[in-house]
Amino acid sequence: MTRVHNFSAGPAALPEVVLAQAQAEMLDWEGAGMSVMEMSHRGREFGQIISEAEADLRTLLAVPGNYRILFLQGGATLQFSAIPLNLMGRGGAPDYVVTGEWSSKALKEAGRFGSVNVAASTPAGAHDHVPPWGEWRLDPAAAYVHYCSNETVHGVEFHWVPETGGVPLVADMSSHLLSGPLDVSRFGLIYAGAQKNIGPAGLVIVIVRDDLLGGASPQCPGLLDYKLNADAGSMPNTPATYSIYIAGLVFKWLLAGGGLTAIDRANDEKARLLYDFIDSSTLYTNPVAIPDRSRMNVPFMLRRPGLDDGFLAGAEARGLVQLRGHRSLGGMRASLYNAMPIEGVRALVEYMREFQTQHG
Ligand code: PMP
């Protein structure tokens, strides 16, 4: 068996020890005589799995007691609808901040349910920075403020948290939740699709302050109603049991490795290695303003045209895979989620250097 260095933006690499444990427990989970996939979600065994997953996530993020953790389905995209359906009724038109592909999609979806303001944005085609705070036009009567704290496609990350006063702050953290410590109390609601730093695609984690429960619009489908999900312990219907199990193993892996402070340091080191090399190189560029660069998703372009396919083929031959950039940007993108070891980044930089010597 040969494992590659997988730079996919998602679904993405998972810690090898987690996959090995899942493999070892595939036929018989802790003496239950069955796979987690085969267990009743109402049974004692799965009850233990989901409550440990929740408790471990609470520990990792130091989630305050007045926040509920929900394990839902439909990916982060279904939250683009669930958020307005649950929260729009709380005040005036919500404020959306647009900094890339994902916040644009969230804005467009929210517009299906009512009027929406754009409080700050970068222009399409120039999503290469975070709009300076002085340019934000927030409405103090807005129902909520929505932004995407790490734009997976454009590689733009907020390294600060907007201060929205009494207006609940809602963040799509799909591609950087658990990449470092976070002050959950600054947010009304945090959500993240699992397939980057957490587990299998389809699962989405929602962390919501309890005063935001119970305001869903009459049109809101029951399954999207946060209160209904919270009251039912994320199980108004059958939850994504196996995905929750894998997420739980990932949480335990993070805790065993020293929690989010330790992974934060590792992520800093990995990102610095790659950005430093790009900035010192003659062949590669990264378009994002330096203070707003993502530690998780690093898009980079080759200055000379016509080299992309050759670069990718050479990378693949060395076991450095899924580096092709998003179709809307072209070029390359290296995603350096928690499960990417520093050795993977070293191997990538070494290859990039070699390729530059040959083609620069
Ligand atoms: N938001 C962000 C920031 C993402 O990166 C993604 C997926 N790449 C999504 C939302 C959509 O997630 P899903 O495909 O799970 O709906």
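Note that the coordinates shown come from a computational prediction; the quantities given were computed from them, not determined experimentally.

Around the ligand sit 13 residues in total, of which Thr77, Thr152, Asp172, Gln195 and Lys196 are the nearest. A distance of 3.5 Å is found between an oxygen atom of the ligand and a side-chain nitrogen or oxygen belonging to tryptophan 102. Separating a nitrogen atom of the ligand from a side-chain N or O atom of aspartate 172 is a distance of 2.6 Å. Its free accessible area being 390 Å², the ligand has 84% of it covered by the protein chains. Per element, the largest residue contribution to the shell around the ligand is four residues, and it comes from helix H3 (residues 75-87).

Further remarks concern the domain arrangement of the protein. If you check the domain split of the protein, you get domain 1 (16-256) and domain 2 (258-359). Using only C-alpha atoms to locate each centre, domain 1 and domain 2 end up separated by 27 Å. Each partner contributes residues to the interface: domain 1 has 26 residues there, and domain 2 has 25 residues. Taken together, the two surfaces of domain 1 and domain 2 that pack against each other cover about 2,100 Å², and 54% of this comes from carbon and sulfur. Broken down residue by residue, the surface that domain 1 buries against domain 2 is led by Val153, Gly155 and Ser179, which jointly contribute 22%. Counting across the domain 1 and domain 2 interface gives zero salt bridges. At the junction of domain 1 and domain 2, the tally comes to 17 residue pairs in polar contact (both at pLDDT 80 or more). For the side of domain 1 that touches domain 2, the secondary structure elements donating two or more residues are helix H2 (44-61), strand E7 (156-157) and helix H6 (241-256). Top contributing element to the side of domain 1 that touches domain 2 by residue count: H6, with four residues. Among the residues forming the side of domain 1 that touches domain 2, the class breakdown is eleven nonpolar, eleven polar and four charged.

Take the environment of alanine 194 next. As for its placement among the helices and strands, alanine 194 is situated in the loop between strand E9 (189-193) and strand E10 (203-209). Assessed through its relative accessible area of 0%, alanine 194 is described here as buried. Distance in space between the C-alpha atoms of alanine 194 and isoleucine 205 is 7.0 Å, their sequence separation being eleven residues.

The strand order E2-E10-E9-E8-E5-E3-E4 describes an open sheet built from seven strands, whose pairing is mixed. Two strands lie at the open edges of the sheet, namely strand E2 (67-73) and strand E4 (117-121), each paired on one side alone. For this sheet, the mean angle separating the axes of adjacent strands, direction not counted, is 20°. The pairing of strand E8 (residues 169-172) with E9 spans three bridges and is parallel. Residue pairing across strands places aspartate 172 opposite tyrosine 191, the latter belonging to E9.

Cut-offs and rules
- Residues numbered from 1 in each chain as written.
- Predicted model: local features only at pLDDT ≥ 70, side-chain atom pairs only at ≥ 80, totals over all residues.
- Heavy atoms only, no water.
- Near = heavy atom within 4 Å.
- Polar contact = N/O pair within 3.5 Å; in protein donor to acceptor, adjacent residues only side chain to side chain.
- Areas by Shrake-Rupley, 256 points an atom, 1.4 Å probe, with all protein chains shown as cover.
- Helix = DSSP H or I, 4+ residues; strand = E, 2+ residues; numbered from the N terminus.
- Domains from an automatic or database assignment.
- Contact = heavy atoms within 4.5 Å.
- Buried area = accessible area lost by both parts, 1.4 Å probe.
- Salt bridge = Lys/Arg side-chain N within 4 Å of Asp/Glu carboxyl O.
- Nonpolar A, V, L, I, M, F, W, Y, C, P; charged D, E, K, R; others polar.
- Buried < 20%, exposed > 50% of the residue type's maximum accessible area, 1.4 Å probe, protein only.
- Pairing = 2+ DSSP bridges.
- Axes fitted to C-alpha atoms, helices over the stretch in contact; angles between N-to-C directions.

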